[in-house]
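# Results of the structural survey
Residues per chain, in single letters:
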Amino acid sequence: MRVVLLAGGVGGARFTRGLRELGRAEDLGLDLTVVVNTGDDLWLDALRVCPDLDTVMYTLGGVIGEQGWGRADESTRVTAELHAYGLGWDWFTLGDLDLGTHVARTELLRSGLTLSQVTARLNERWQPGATVLPMSDDEVETWVEVERDGEVTTIHFEEWWVRYRAGLPARRFVQRGVAGARPAPGVLDAIADADLVVLPPSNPVVSIGTILGVPGIADAVRSASAPVVGVSPIIGGAPVRGMADACLTAIGVETSARAVAEHYGARAAGGLIDGWLVDGADADAVAPLEQAGIATRALPLLMSDESATAAIARAALDLGTSLTATRTR
Ligand code: GDP
Ligand code: CA
């Protein structure tokens, strides 16, 4: 069974790991492809940093830090040295082991490899048990239009997210470079050939929204022969972790499991999803979403540990299978 996931960082990576573990435990023969958001990527201290690609790689590789990003057993001696020279960004920590990845990536990019070639090369080491693809080899960066000290200015998404904790109200998001970006090799084919497409509980605006903004990807999802099933990143009107509510507010979408599903829309009505999982706390969204043509199931969606995550993955597979059966009947 070929499953394609469109993922951001922490939410997408944790869900993918749960799905992989379920596949292994039940010998399901899952063939996973993760298409990862690169809109958070940035140049920092002359290095190309790809936060979501690395979160996915480290999570699937079993070396993710406890906080959900960066490496486990990390130190920050290099950053301290940079600071001693008055360099680096004091609000953005790059650990020493993590820096090794960024140096390697930058070196490989400078030698002429594309980001997808570099990503494949880096992932070889970690044996993620999934094909990890960047959404595009072209540089796309999410910038945020904010008002700071009475002036409208645009800052990099990571600065808005990490430095300001999304506390400066966002006027809009600008995905620089997205209009001319092409899907990375393999992305469109993977979606077209999939048996199931999953939107894991990733940020609908700056993770999945950015991936879908790459010309060709949303159309591929709309026209995929496989069912498309999403998992709500919103439980009981709030993001489980992070500040996705600030992103949703900026694009005029209410922070609720139902509103996010309606934002994606039913594929039967020109949208992107056929199925949607909501938490038990949002069970009242089931009836209206079903009415709107989105098959919806309610179950616990907190990825609190591996077995909880595997149960969510199981529900996504089951919903996908039931949708496939309905269509071929
Ligand atoms: P980021 O790039 O690191 O921000 O990660 P993603 O975009 O992949 O995922 C962020 C989203 O994951 C946030 O909107 C969270 O609400 C959601 N999320 C995190 N943990 C959980 C969880 O345990 N359950 C669910 N349903 N969503 C989660
Ligand atoms: Ca991210």
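Quick look at the structure, then. (Residues numbered from 1 in each chain as written. Chains lettered and ligands numbered in written order. Predicted model: local features only at pLDDT ≥ 70, side-chain atom pairs only at ≥ 80, totals over all residues. Heavy atoms only, no water.)

Turning to the overall build of the protein chain, a few remarks are in order. Looking only at helices and strands, one finds 13 helices and 14 strands in the protein chain. A compact globule built from 329 residues would reach a C-alpha radius of gyration of about 20 Å, and the protein chain, at 19 Å, matches this within 12%. Residue burial in the protein chain is summarised as follows: out of 329 residues, 54% are buried. Of the contacts formed within the protein chain by residues at least 6 apart in sequence, a portion of 68% connects residues at least 24 apart. (Helix = DSSP H or I, 4+ residues; strand = E, 2+ residues; numbered from the N terminus. Rg over C-alpha atoms; globule rule 2.2 N^0.38 Å. Buried < 20%, exposed > 50% of the residue type's maximum accessible area, 1.4 Å probe, protein only. Contact = heavy atoms within 4.5 Å.)

For an α-helix the count is 3.6 residues per turn, leaving residues at separations of three or four pointing the same way. Spanning 15 residues, helix α4 (residues 96-110) covers 21 Å between terminal C-alpha atoms, matching the ideal 21 Å at 1.5 Å per step. Of the residues making up α4, those classed as buried are Asp 96, Asp 98, Leu 99, Thr 101, His 102, Arg 105, Thr 106 and Leu 108. (Expected span 1.5 Å × (residues − 1).)

Attention shifts here to the coordination of the calcium ion (ligand 2). Protein ligation of the calcium ion (ligand 2) involves Asp 40 (OD), Asp 52 (OD) and Asp 52 (OD), the donor distances falling in the range 2.1 to 2.6 Å. Of the two residues, Asp 40 is situated in the loop between β2 (31-36) and β3 (42-44) and Asp 52 in helix α2 (residues 51-61); the sequence distance between them amounts to twelve residues. Both residues of the pair, Asp 40 and Asp 52, count as buried. (Donors = N, O, S within 2.8 Å, 3.2 Å for Na, K, Ca; no water.)

It is worth spelling out the packing of α2 against α4 at this point. Closest axis-to-axis distance for the α2/α4 pair is 12 Å, and the angle between their directions is 120 degrees. Relative to α4, the element α2 lies oblique. You can see that α2 and α4 cross each other, and the crossing is right-handed. Where α2 approaches α4, its residues Asp 54, Met 57 and Tyr 58 are matched on the opposing element by Asp 98, Thr 101, His 102 and Arg 105. Along the lines of polarity and charge, the residues of the contact of α2 with α4 split into two nonpolar, two polar and three charged. (Axes fitted to C-alpha atoms, helices over the stretch in contact; angles between N-to-C directions. Parallel < 35°, antiparallel > 145°, perpendicular 65-115°, else oblique. Left-handed = near helix turned anticlockwise from the far one by under 90°. Nonpolar A, V, L, I, M, F, W, Y, C, P; charged D, E, K, R; others polar.)

So, about the nonpolar core. It is characteristic of soluble globular proteins that their nonpolar side chains tend to be buried jointly. Counting residues in each nonpolar core, the largest one holds 57 residues, and the members touching the most others are Leu 6, Trp 160, Phe 173, Ile 191, Leu 212, Tyr 264 and Trp 276. Counting residues per element, this core draws most heavily on helix α11 (residues 257-264), at five residues. Ranked by size, the runner-up nonpolar core spans 34 residues in total, among them Leu 5, Leu 115, Leu 319 and Leu 323. (Core = buried A, V, L, I, M, F, W, Y, C linked by side-chain atoms within 4.5 Å.)

Within a regular strand, side chains alternate between the sheet's two faces. The buried fraction of strand β1 (residues 2-7) amounts to five of the six residues, a majority that puts the element mostly inside the structure. Where β1 lies against β2, six bridges are found, and the strand directions are parallel. The residue of β2 that forms the bridge with Ala 7 is Val 36. Viewed along the sheet, the connection from β1 through helix α1 (residues 10-25) into β2 turns out right-handed. (Pairing = 2+ DSSP bridges. Right-handed = clockwise from strand over helix to strand, strands pointing away.)

A few words on the sheet that holds strand β6 (residues 141-148). Spatially, three strands are ordered β7-β6-β8 in an open sheet, and the strand pairing comes out antiparallel. The sheet is open, and its two borders are formed by β7 (151-156) and β8 (170-176), each paired with just one other strand. Averaged over all neighbouring strand pairs, the angle between strand axes comes to 25 degrees, with direction disregarded.

The strand order across the open sheet formed by seven strands is β5-β2-β1-β9-β10-β13-β14, and the pairing between neighbours is parallel. Only two strands of the sheet have a single partner each, and these edge strands are β5 (131-134) and β14 (295-298). When strand polarity is set aside, the average angle formed by the axes of neighbouring strands in this sheet is 20 degrees. Pairing analysis gives three bridges linking β1 to strand β9 (residues 196-199), with the strands arranged parallel. Its bridge partner lying in β9, Val 3 is registered against Leu 196. Seen against the sheet, α2 touches β2 and β5 and runs at an angle of roughly 170 degrees to β5.

Turning to the site of ligand 1, a few remarks are in order. Close contacts around ligand 1 come from 20 residues, with Pro 201, Ser 202, Ser 207, Pro 233 and Met 303 the closest. With respect to ligand 1, the backbone of Val 10 contributes an N or O atom lying 2.9 Å from an oxygen atom. For ligand 1, an oxygen atom lies 2.9 Å from a polar atom in the backbone of Gly 12. The fraction of the free accessible surface of ligand 1 (590 Å²) that becomes covered by protein chains is 92%. (Near = heavy atom within 4 Å. Polar contact = N/O pair within 3.5 Å; in protein donor to acceptor, adjacent residues only side chain to side chain. Areas by Shrake-Rupley, 256 points an atom, 1.4 Å probe, with all protein chains shown as cover.)

In this model helix α5 (residues 115-126) runs 17 Å from its N-terminal to its C-terminal C-alpha over twelve residues, within 8% of the 16 Å that 1.5 Å per residue would give. When α5 is considered as a whole, its buried residues turn out to be Leu 115, Ser 116, Val 118, Thr 119, Leu 122, Asn 123 and Trp 126. The buried residues of α5 occupy an angular sector of 155 degrees when the element is viewed end-on, so they sit on one face. In α5, the exposed positions angled more than 90 degrees off the buried face are occupied by Glu 124 and Arg 125. Once α5 finishes, Gln 127 follows within two positions and takes phi at roughly 45 degrees, a positive value. (Arc of directions from axis to C-beta.)

The subject of this paragraph is the packing of aromatic side chains. How two aromatic rings sit relative to each other is set out by the distance from centre to centre and by the angle between their planes. Tallying each qualifying case throughout the model produces eight aromatic pairs. Note on Trp 91 and Phe 92: the rings are 5.6 Å apart at their centroids and 85 degrees apart in plane angle, and the pair reads as edge-to-face. A residue is classified by how much of its surface remains accessible, and Phe 92, at 12% relative accessible area, is buried. Aromatic side chains Phe 157 and Trp 160 sit 6.0 Å apart centroid to centroid with 50 degrees between the ring planes, which places their arrangement in the tilted category. Residue Phe 157 and its partner Trp 160 are located together in helix α6 (residues 157-163), separated by three residues, close to a single helical turn. As far as the burial class goes, Phe 157 and Trp 160 line up, both buried. Chaining the aromatic ring pairs together yields one cluster made of Phe 157, Trp 160, Trp 161 and Phe 173. The aromatic ring of Trp 143 is capped on one face by Arg 176, whose charged end is 3.7 Å from the ring centroid. (Phe/Tyr/Trp six-rings, centres within 6.5 Å; stacked < 30°, edge-to-face > 60°. Lys NZ or Arg CZ within 6 Å of the ring centre and 35° of its normal.)

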